[in-house]
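# Coordinates in review
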Amino acid sequence: MLTGRPAPGTVGRSRTCPHCKATILESAAICPQCRHHLKFGAAGRPGDSTQGFSALQVEGTLHHAERGGDWEYSVVVAIRNERGEEISRHVVGVGALRSEESRTFTLAVEITTPGGR
C-alpha cells in the first residue's frame, strides 16, 4: 500500500470495485474479492495488461475436536514493511466452531507487473 495519493497510472494506485466496493488495484482486470471482470481486451474478451504470479500461498485447517464449549475466531491479516512497521491491518472474517466442526483458511499474495514490465 502506497502512502499518499499516487498519480493516475502509478504502480500501486487503488480504486473501488464497482460491484462489491472492495479496494483493489487500479490495474486489476478482475476483482480479487468478487471475481467480476472489470476490463476487457481489444478482442472483447476478459483481458489484462498485467503479468502476475502467486508469491505466497498458505493453507491451514482448524478442527475443533474437543467435546464441550464452542470456539470463536477472528481472521486478522497484517502487512509490515521492510522495517517491521505495520502498515495495514484488517479483520477479514469472524466466526464460531462447534465441537467436531472445522474451517480451512487460505492466504494468497498475488504479484502483478502492470504493463508486463
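Heads up: the structure comes first, above all this text.
Not measured: the values here are computed from a predicted model.

## Description of the overall build of the chain
Helices and strands together make up the secondary structure of the chain, namely zero helices and six strands. Within the chain, buried positions represent 15% of all 117 residues. Of the contacts made within the chain by residues no fewer than 6 positions apart, 44% connect residues no fewer than 24 positions apart. Approximately 8,800 Å² of the chain is accessible, and the part contributed by carbon and sulfur atoms is 52%.

## Regarding the environment of T61
Summarising the element assignment, T61 is placed in strand β3 (residues 50–63). In this structure, the C-alpha to C-alpha distance between T61 and R103, residues 42 residues apart in sequence, is 5.6 Å. Among the polar contacts listed, one links the side chain of T61 to the side chain of T104, at a separation of 3.0 Å.

## As for the nonpolar core
In this structure, C17, A22, I24, A28, C31 and L38 together form the largest nonpolar core, which totals six residues. Leaving out residues up to four positions away in the same chain, A28 has contacts with R15, L38 and K39.

## Quick word on the side chain of N81
Tracing the backbone through its elements, the reader meets N81 in the loop between β4 (71–80) and β5 (86–97). For N81, a relative accessible area of 17% translates into the label buried. Side-chain polar atoms of N81 contact the side chain of E85, separated by 2.8 Å.

## Looking at the packing of aromatic side chains
Aromatic ring pairs are defined here through the distance separating the ring centres and the angle between the ring planes. Tallying each qualifying case throughout the model produces one aromatic pair. Between Y73 and F105, the aromatic rings sit 5.4 Å apart at their centres with planes inclined by 80°, giving edge-to-face as the arrangement. Taken as a pair, Y73 in strand β4 and F105 in strand β6 (residues 102–114) lie far apart in primary sequence, 32 residues in all. On the basis of relative accessible area, F105 is assigned to the partly exposed category, the value being 24%.

## Notes on unusual backbone geometry
The residue R35 is not glycine, and still its phi comes out positive at about 65°. For R35, a relative accessible area of 67% corresponds to the exposed category. Of note in this structure, E100 is not a glycine but carries a positive phi near 75°. Looking at where E100 falls in the secondary structure, it is placed in the loop between β5 and β6.

## Here's the deal with the pattern of salt bridges
Any two side chains of opposite charge can pair, on the condition that their charged atoms come close. Under the criterion given, the structure shown has six salt bridges. Ionic pairing is found between E82 and R83, a salt bridge with its closest N-O pair at 2.9 Å. The pair E82 / R83 is uniform in exposure class, with both members exposed. Here E85 ties to R83 by a salt bridge, and the two come within 3.0 Å at their closest N and O atoms. Classification of E85 by relative accessible area gives partly exposed; the value is 39%. Salt bridges linked by common partners bring R80, E86 and R89 together as one network.

What counts and what doesn't
Residues numbered from 1 in each chain as written. Predicted model: local features only at pLDDT ≥ 70, side-chain atom pairs only at ≥ 80, totals over all residues. Heavy atoms only, no water. Helix = DSSP H or I, 4+ residues; strand = E, 2+ residues; numbered from the N terminus. Buried < 20%, exposed > 50% of the residue type's maximum accessible area, 1.4 Å probe, protein only. Contact = heavy atoms within 4.5 Å. Areas by Shrake-Rupley, 256 points an atom, 1.4 Å probe, with all protein chains shown as cover. Polar contact = N/O pair within 3.5 Å; in protein donor to acceptor, adjacent residues only side chain to side chain. Core = buried A, V, L, I, M, F, W, Y, C linked by side-chain atoms within 4.5 Å. Phe/Tyr/Trp six-rings, centres within 6.5 Å; stacked < 30°, edge-to-face > 60°. Salt bridge = Lys/Arg side-chain N within 4 Å of Asp/Glu carboxyl O.

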